[in-house]
Amino acid sequence: MTGTEKQFDDFVDAIKLKQTQVDRIESARKSLTKLLKESFDLADDDVFVQGSYANDTAVRPIEGGEYDIDIVVVTADDEDSATDAIRDVFDVLEDSRYKDKIEERQPCIRVTYADEVIGGFHVDVIPLRASTSDDHDAPFEAPRKGSGWHGTAPREYTDWCSEQGELFQRT
């Protein structure tokens, strides 16, 4: 191993999430997923993780910063407006033990966690619906309050990131 390779390995070790952070994220993910599946009567495939955590590219924030995960929940149908879809998820979370931790954002509901040991983090819960267009590159649509629905392909992007391998993830 060259000096440069060792420096890069040390750098990656310094910025990757610690196991305690991963464990806390997984605990939050599991409990939120369970609530969302039960509340909306969803199948396993209708609730999944997207973004840097799912893509294995998440990094530890600088001191005082937050890290996050994104949970997608396929809850909306063709008749739902973007605002209604976000509001439906907000209402479910507001009627749960998360009520004091949530805020409505665009295009999600944010659940904020504070943890003295591992630092703060949040979970963004994004409602999706099956695409209403013939765009096969975007099998879902995500809401944007005030501007409707926009095509997205979170699973496909996560698959692509995975196919790029470890060097991509580390970089």
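Before going into details, it helps to say that this report is about the structure given with it. Being a predicted model, the structure only gives us computed values, none of them experimental.

1. With respect to a negative patch on the surface
Then comes step 1: Taken together, the side chains of Asp134, Asp135, Asp137, Glu156, Asp159 and Glu163 make up a negatively charged region of the molecular surface.
Then comes step 2: Locating glutamate 163 in the fold gives a position in helix α5 (residues 154–163).
Then comes step 3: The exposure class assigned to glutamate 163 is exposed, which follows from its relative accessible area of 64%.

2. Topic: the environment of valine 73
Then comes step 1: Checked against the element boundaries, valine 73 lands in strand β2 (residues 67–74).
Then comes step 2: With a relative accessible area of 0%, valine 73 lands in the buried category.
Then comes step 3: For the pair valine 73 and aspartate 46, spaced 27 residues apart in the sequence, the C-alpha separation amounts to 5.7 Å.
Then comes step 4: Among residues more than four places away in sequence, those in contact with valine 73 are Leu36, Leu42, Asp46, Val47, Val89, Val125, Ile126, Pro127 and Leu128.

3. Topic: the nonpolar core
Then comes step 1: Within the largest apolar cluster, 27 residues are counted, with the highest numbers of intra-cluster contacts made by Leu32, Leu93, Tyr98, Val111, Tyr113, Val123 and Val125.
Then comes step 2: Within the residue set of this core, elements represented by two or more residues are α2 (19–40), β2, α4 (82–94), β4 (109–113) and β5 (121–130).
Then comes step 3: In this structure, Val72, Val74, Phe140 and Ala142 belong to the second largest nonpolar core, which totals eight residues.

4. Side note on the layout of surface pockets
Then comes step 1: Its boundaries defined by the atoms lining it, the largest pocket holds a volume of some 410 Å³.
Then comes step 2: Contributing to the lining of the largest pocket are 14 residues, with Lys16, Leu17, Asp56, Thr57 and Ala58 lying nearest its centre.
Then comes step 3: For the lining of the largest pocket, the secondary-structure elements that each account for two or more residues are α1 (3–15) and α6 (166–170).
Then comes step 4: In terms of residues, the lining of the largest pocket owes the most to one element, α1, which gives three residues.
Then comes step 5: Partitioned by chemical class, the residues of the lining of the largest pocket number seven nonpolar, three polar and four charged.

Rules behind the numbers
- Residues numbered from 1 in each chain as written.
- Predicted model: local features only at pLDDT ≥ 70, side-chain atom pairs only at ≥ 80, totals over all residues.
- Heavy atoms only, no water.
- Patch = residues over 30% accessible without salt bridge, like charges linked within 9 Å, V, L, I, M, F, W, Y side chains within 5 Å.
- Areas by Shrake-Rupley, 256 points an atom, 1.4 Å probe, with all protein chains shown as cover.
- Salt bridge = Lys/Arg side-chain N within 4 Å of Asp/Glu carboxyl O.
- Lys, Arg positive; Asp, Glu negative; His and termini not counted.
- Charge placed at Lys NZ, Arg CZ, Asp CG, Glu CD.
- Helix = DSSP H or I, 4+ residues; strand = E, 2+ residues; numbered from the N terminus.
- Buried < 20%, exposed > 50% of the residue type's maximum accessible area, 1.4 Å probe, protein only.
- Contact = heavy atoms within 4.5 Å.
- Core = buried A, V, L, I, M, F, W, Y, C linked by side-chain atoms within 4.5 Å.
- 1 Å grid on protein atoms, 1.4 Å probe; cavity = no way out; pocket = protein on both sides within 12 Å on 5 of 7 lines; lining within 4 Å.
- Points joined across faces, edges and corners; volume = space filled by probe spheres on them.
- Nonpolar A, V, L, I, M, F, W, Y, C, P; charged D, E, K, R; others polar.

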